[in-house]
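Remarks on the overall topology
Below, each chain spelled out in residue letters.
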Amino acid sequence: MMTIPYIGRVKSNFDDPADPNVMRETESEIEIFEVYAEGLFKTELSQYIEVFFQFDRAEPVQLKTFTYTGDYKGIFATRSPRRPSRIANTLVKLLERNGRFLKVKGLDALNGSPVIDIKPVHIPLTDEELEDSEFMVRKMNPRKLIYANIWAGNTQRLLLDAGQIHGHFCTGLAMGVMMAVKAMQWIRGRSDGLEDLLAIVETNNCAADGVQYVTGCTLGNNALIFKDYGKTALTLTRRDGKGIRISARADAKDYIHAAAPLFSASYQKVVGEHSRGDEEISQFKKSGVEKAFALLELDFDKIFKTETVDVRIPPYAPSHESIICEACGEAVMGSRIIEQDGKKLCIPCAGVAGKMLSGDGIGEEDRG
Ligand SMILES: [Zn+2]
Ligand SMILES: [Zn+2]
């Protein structure tokens, strides 16, 4: 035998046993005793709770009994109160919490019933509701899942997802993911806000895509700055200019080459979790995926050099009004208009060479 403390008491409209279906349609109140009130902290976040209470006025124990619907069954095949423990549990909707008072609907307890325990219940959503809530979450914060993986240091998952924009898995992409996760964690350690981040990459190689995916600083949102230095490096900074620069060590390639084959266990894990049959697995191997995922397990500091830096922050991207080119009629950013013989022309119509970012870095466009 053990003694179970009462944590509260039910206040309902029912002093005498009634049809439980009627009782469940009625609202009642649960008063939690002051000594346990602190335990209600954040209870209101649950939509549904399970209330454990005692049948303190039940008829004597009956191991076989008639149920409300007229069936004759063993007590453990029913929810009848005439059970040895006298313990009842009912799933109820929590309507509101007012201090140590809970207003609930669905409780089939008599007025004054002692309450033993309260537990939150997670009601599984239907597929449709799940999809809706997923959409909602992602509309409000499209990068929520990415952040969760960053803070958890889940580089395997991030690499897997970064592959969606990069198109293949390679050590370069893995290096980008590693640098970006490290840098994001460093920035976050310095303040909560993640707005106004700037990522500076020093070459347009595979790593840049890992950086864009993980940091969310992209070509399109003007938070990615490209410096054409030909180095695998990432500087991540906030607009106060306090940043972190992570760059590949000169001997990183040798270290990776020597160490990577030892780490096929992590590759097995990834393949195992996303196993799709022999054909895919063999392609996985062929395309060097193994090495990319194995890289994530290696000693970060043997691959990268990390330093804090003060960064000169370029001004915000100006918003220029657009002007219509008088030759081709296309709309052009005002700052890119060239005046020739009193005409406003776009760069190709003016016949001059513009700047161009290609696989070879930033250069002058070849006009042939
Ligand atoms: Zn690549
Ligand atoms: Zn034009």
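Conventions adopted
Residues numbered from 1 in each chain as written. Chains lettered and ligands numbered in written order. Predicted model: local features only at pLDDT ≥ 70, side-chain atom pairs only at ≥ 80, totals over all residues. Core = buried A, V, L, I, M, F, W, Y, C linked by C-beta atoms within 7 Å. Buried ≥ 20, exposed ≤ 12 C-beta atoms within 10 Å, placed from the backbone. Helix = DSSP H or I, 4+ residues; strand = E, 2+ residues; numbered from the N terminus. Contact = placed C-beta atoms within 7 Å. Arc of directions from axis to C-beta. Pairing = 2+ DSSP bridges. Axes fitted to C-alpha atoms, helices over the stretch in contact; angles between N-to-C directions. pLDDT = per-residue confidence, 0-100. Parallel < 35°, antiparallel > 145°, perpendicular 65-115°, else oblique. Left-handed = near helix turned anticlockwise from the far one by under 90°.

1. A few points about the nonpolar core
Residues Leu159, Leu173, Val177, Met179, Val214 and Leu234 are the most contacted members of the largest nonpolar core, which totals 43 residues. For this core, the elements supplying multiple residues, two or more each, are α3 (144-151), α4 (155-166), α5 (171-190), β9 (198-201), α6 (206-215), β11 (233-237), β12 (242-248) and α10 (289-295). Examining the composition of this core, we find that 10 residues originate from one element, α5, more than from any other. Ignoring anything within four residues of it in the chain, the contact list for valine 177 reads Thr155, Leu158, Leu159, Ala162, Gly210 and Val214. Of all hydrophobic cores here, the second largest spans 18 residues; its members include Val10, Ile30, Phe53 and Leu110.

2. What about α3?
All of the buried residues in α3 are Ile146, Asn149 and Ile150. The arc enclosing the buried residues of α3, seen along the axis, measures out at 105 degrees, which places them on a common side. Structural note: α3 exposes Lys144, Ala148 and Trp151 on the side pointing more than 90 degrees away from its buried face. Close packing links the buried residues of α3 with α4, α5 and α6. One or two residues past the end of α3 sits glycine 153, with phi positive at roughly 65 degrees.

3. Considering the sheet that holds β11
Spatially, five strands are ordered β10-β9-β11-β12-β13 in an open sheet, and the strand pairing comes out mixed. For this open sheet the edge positions go to β10 (224-226) and β13 (304-310), each flanked by a neighbour on one side alone. In this sheet, adjacent strand axes meet at a mean angle of 20 degrees when their direction is disregarded. Relative to β11, β9 runs antiparallel, the two sharing four bridges. Looking at the pairing, alanine 199 lines up with leucine 236 of β11.

4. Here we look at the pairing of strand β18 (residues 355-358)
Taken residue by residue, a regular strand's side chains alternate between the two faces of the sheet. Bridge count for β18 against strand β19 (residues 361-364) is four bridges, and the pairing is antiparallel. Considered in β19, the bridge of methionine 356 is made with glycine 363. Linking two consecutive strands that pair antiparallel, namely β18 and β19, is a turn of two residues.

5. Focus on the confidence of the model for the protein chain
Across the protein chain, the average pLDDT comes to 86, with 90% of residues at or above 70. Considering only residues more than four positions removed or in separate chains, one finds that residues 262-267, a stretch of pLDDT under 50, has 12 contacts.

6. Some details on the environment of glutamate 34
Position of glutamate 34 among the secondary structure elements: in the loop between β2 (27-32) and β3 (48-54). When the C-alpha atoms of glutamate 34 and arginine 100 are compared, they prove to be 7.2 Å apart, with 66 residues separating the residues in sequence.

7. Topic: the environment of isoleucine 347
Here isoleucine 347 is to be found in helix α12 (residues 347-350). For the pair formed by isoleucine 347 and isoleucine 337, sequence separation is 10 residues and the distance between their alpha carbons is 6.7 Å. Look past the residues within four positions of isoleucine 347 in its chain and what remains in contact with it is Arg336, Ile338, Val352 and Gly354.

8. Topic: the packing of α4 against α6
When two helices pack together, their arrangement is captured by the angle between the axes and the distance separating the axes. Put simply, α4 and α6 touch, their axes get as near as 9 Å, and they point 115 degrees apart. Taken together, the axes of α4 and α6 are roughly perpendicular relative to one another. In the crossing of α4 with α6, the sense of the turn from one axis to the other is right-handed. Between α4 and α6, the contacting residues are Leu158, Asp161, Ala162, Ile165 and His166 on the first element and Cys206, Asp209, Gly210, Tyr213 and Val214 on the second.

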